[in-house]
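Chain residues, written in single-letter form:
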Amino acid sequence: MSDPFELFAIRLGHADRPARDNFLNGPAREGTMRLDFDMWLARNDERIVAIDSGFSAEAGSRRGRTLERSPEEAVRGLGIDPRAVTDVVVTHLHYDHAGNLDLFPAARIWVQQAEVAYVTSDAMRHPELNHFFEADDVCSLLQQSFKGRVNQVAGQATVAEGVELHLIGGHTPGLQVVRVLTRRGWVVVASDALHYYENFERRNPFPGIVNVPQMMDGYDRILQLAPDVDHIVPGHDPQVMERYAEDSAQLPDGIVALHHDPTEG
Ligand SMILES: [Zn+2]
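Residues numbered from 1 in each chain as written. Predicted model: local features only at pLDDT ≥ 70, side-chain atom pairs only at ≥ 80, totals over all residues. Heavy atoms only, no water.

## Considerations on the coordination of the zinc ion
Then step 1. With distances of 2.1 to 2.2 Å, the protein atoms coordinating the zinc ion are His92 (NE2), His94 (ND1), His171 (NE2) and Asp192 (OD).
Then step 2. One can describe the site at the zinc ion as irregular: its four donor atoms subtend angles covering 89 to 172° at the metal.
Then step 3. Sequence positions of the donors to the zinc ion reduce to the motif H-x1-H-x76-H-x20-D. Residue His92 is found in the loop between strand S4 (87-89) and strand S5 (108-112), and its partner Asp192 is found in the loop between strand S10 (185-191) and helix H6 (197-201); the two are separated by 100 residues along the sequence. You'll find His92 and Asp192 in the same group, each marked buried. (Donors = N, O, S within 2.8 Å, 3.2 Å for Na, K, Ca; no water. Tetrahedral: all angles 85-135°; square planar, octahedral: opposite > 155°, others 65-115°. Helix = DSSP H or I, 4+ residues; strand = E, 2+ residues; numbered from the N terminus. Buried < 20%, exposed > 50% of the residue type's maximum accessible area, 1.4 Å probe, protein only.)

In structure tokens, the structure reads:
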């Protein structure tokens, strides 16, 4: 039986956006909401698992997004050499989650078959659909595949004892959440199956969606996978940094420990 994992959320950048852009259904919200760009990392004595890999500096600047810290700086901030990362889970291939794959030369990459099928399909001829993705990230994934380093999975899979993948879909066809066994039990890194706690509380999803029923079913699925809402980590909510700040004071700014209990939201 291997040790439970330490699990961290790492903020790579942020942006302010109109609040109404964050909810599919009305009534429209006034004002702005901050959107954080995060990645996550799980480690125990045997494995170091990066969950997503942020966006590249080049793609970020082209899209007007500034990196507060690169994924390399973030990983090193935890005292980890990127070459020691054993696995990279790509929750989905959107540009802000799937850049920089070559940063982890020794890692096995985990992605859903449905996601790869989508980004290599004819649907990508539409700018309205392909602008969420970077062709370079897709090419990088395929290059890693040719090196035998990619595990394409379908549905549920186990990366290591205590790290599980679960296909949700909805946001993208192959969106997967990651369930990590920590000392406080299973914690679900929801990534973009859930952007904000508020999307979940109001059952009002973030509008970036390919399949609304799958998105809504995904909320129920995430709740089945986690003991309660305190064990669910949304993908872009600044509240993550606040709720887990108390037990993360010894960590670099912008990194919090998810294996500790959060404070009240
Ligand atoms: Zn996304």
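## Let's talk about helix H7 (residues 212-225)
Then step 1. Across its 14 residues, H7 extends 20 Å between first and last C-alpha, which sits within 8% of the 20 Å expected from 1.5 Å per residue.
Then step 2. Along H7, the residues classified as buried are Met215, Gly218, Tyr219, Ile222 and Leu225.
Then step 3. Its side-chain oxygen placed 3.0 Å from the backbone nitrogen of Gln214, Asn211 serves as the N-cap of H7. (Expected span 1.5 Å × (residues − 1). Polar contact = N/O pair within 3.5 Å; in protein donor to acceptor, adjacent residues only side chain to side chain.)

## Description of the sheet that holds strand S9 (residues 176-182)
Then step 1. Within the open sheet, the five strands sit side by side as S7-S8-S9-S10-S11. Their pairing is mixed. At either margin of the open sheet sits one strand with a lone partner, and together these are strand S7 (156-160) and strand S11 (232-234). Geometrically, the sheet is characterised by an average inter-axis angle of 25° between neighbouring strands, direction not taken into account.
Then step 2. Across three bridges, S10 lies against S11 in parallel orientation. Its bridge partner lying in S11, Ser191 is registered against Pro234.
Then step 3. Together, S7, strand S8 (163-167), S9, S10 and S11 form the strand contacts of H7, whose direction differs from that of S10 by roughly 155°. (Pairing = 2+ DSSP bridges. Axes fitted to C-alpha atoms, helices over the stretch in contact; angles between N-to-C directions. Contact = heavy atoms within 4.5 Å.)

## Re the environment of Arg243
Then step 1. Secondary-structure assignment places Arg243 in helix H8 (residues 239-243).
Then step 2. Of the residues examined, Arg243 reaches a relative accessible area of 9% and is grouped as buried.
Then step 3. Sequence separation between Arg243 and Ala135 is 108 residues, and the spatial gap between their C-alpha atoms is 35 Å.
Then step 4. A polar atom in the side chain of Arg243 sits 2.6 Å from the side chain of Gln239.

## Description of helix H5 (residues 135-146)
Then step 1. Between its first and last C-alpha atoms H5 spans 17 Å; for 12 residues at 1.5 Å apiece the expected length is 16 Å, and the two agree.
Then step 2. Regarding H5, the residues found buried are Asp137, Val138, Ser140, Leu141 and Gln144. The arc enclosing the buried residues of H5, seen along the axis, measures out at 160°, which places them on a common side. In H5, those exposed residues whose orientation departs by more than 90 degrees from the buried face are Ala135, Asp136, Gln143 and Phe146.
Then step 3. Of the residues flanking the end of H5, it is Gly148, one or two places downstream, whose phi is positive at about 80°. (Arc of directions from axis to C-beta.)

## Things to note about unusual backbone geometry
Then step 1. Here the phi dihedral of Asn100 falls at roughly 60°; this positive angle occurs in a residue that is not glycine.
Then step 2. Mapped onto the elements, Asn100 comes out in the loop between S4 and S5.
Then step 3. For Asn100, a relative accessible area of 21% gives the class partly exposed.
Then step 4. Within the chain, Ser191 stands out as a residue other than glycine whose phi angle is a positive 45°.

## Quick word on the sheet that holds S5
Then step 1. Pairing within the open sheet is mixed, and its seven strands lie in the order S6-S5-S4-S3-S2-S1-S12. Because the sheet does not close on itself, it has two edges, and the strands there are strand S6 (150-153) and strand S12 (255-257). Taken pair by pair, the neighbouring strands of this sheet meet at an average axis angle of 25°, ignoring direction.

## With respect to the packing of aromatic side chains
Then step 1. According to the stated counting rule, one finds four aromatic pairs in the structure shown.
Then step 2. Between Phe37 and Phe55 the ring centres are 5.5 Å apart and the planes differ by 85°, which places this aromatic pair in the edge-to-face class. Placement of the pair is Phe37 in strand S2 (residues 32-43) and Phe55 in the loop between strand S3 (48-51) and helix H1 (57-62), with a sequence separation of 18 residues. Comparing Phe37 with Phe55 shows no difference in burial state: the two are buried.
Then step 3. Relative to Tyr219, the ring of Phe200 has its centre 5.7 Å away and its plane inclined at 90°; by these criteria the two rings are edge-to-face. Note that Phe200 is positioned in helix H6 and Tyr219 in helix H7, a separation of 19 residues in sequence.
Then step 4. Among the residues examined, Phe200 registers a relative accessible area of 6% and is labelled buried. (Phe/Tyr/Trp six-rings, centres within 6.5 Å; stacked < 30°, edge-to-face > 60°.)

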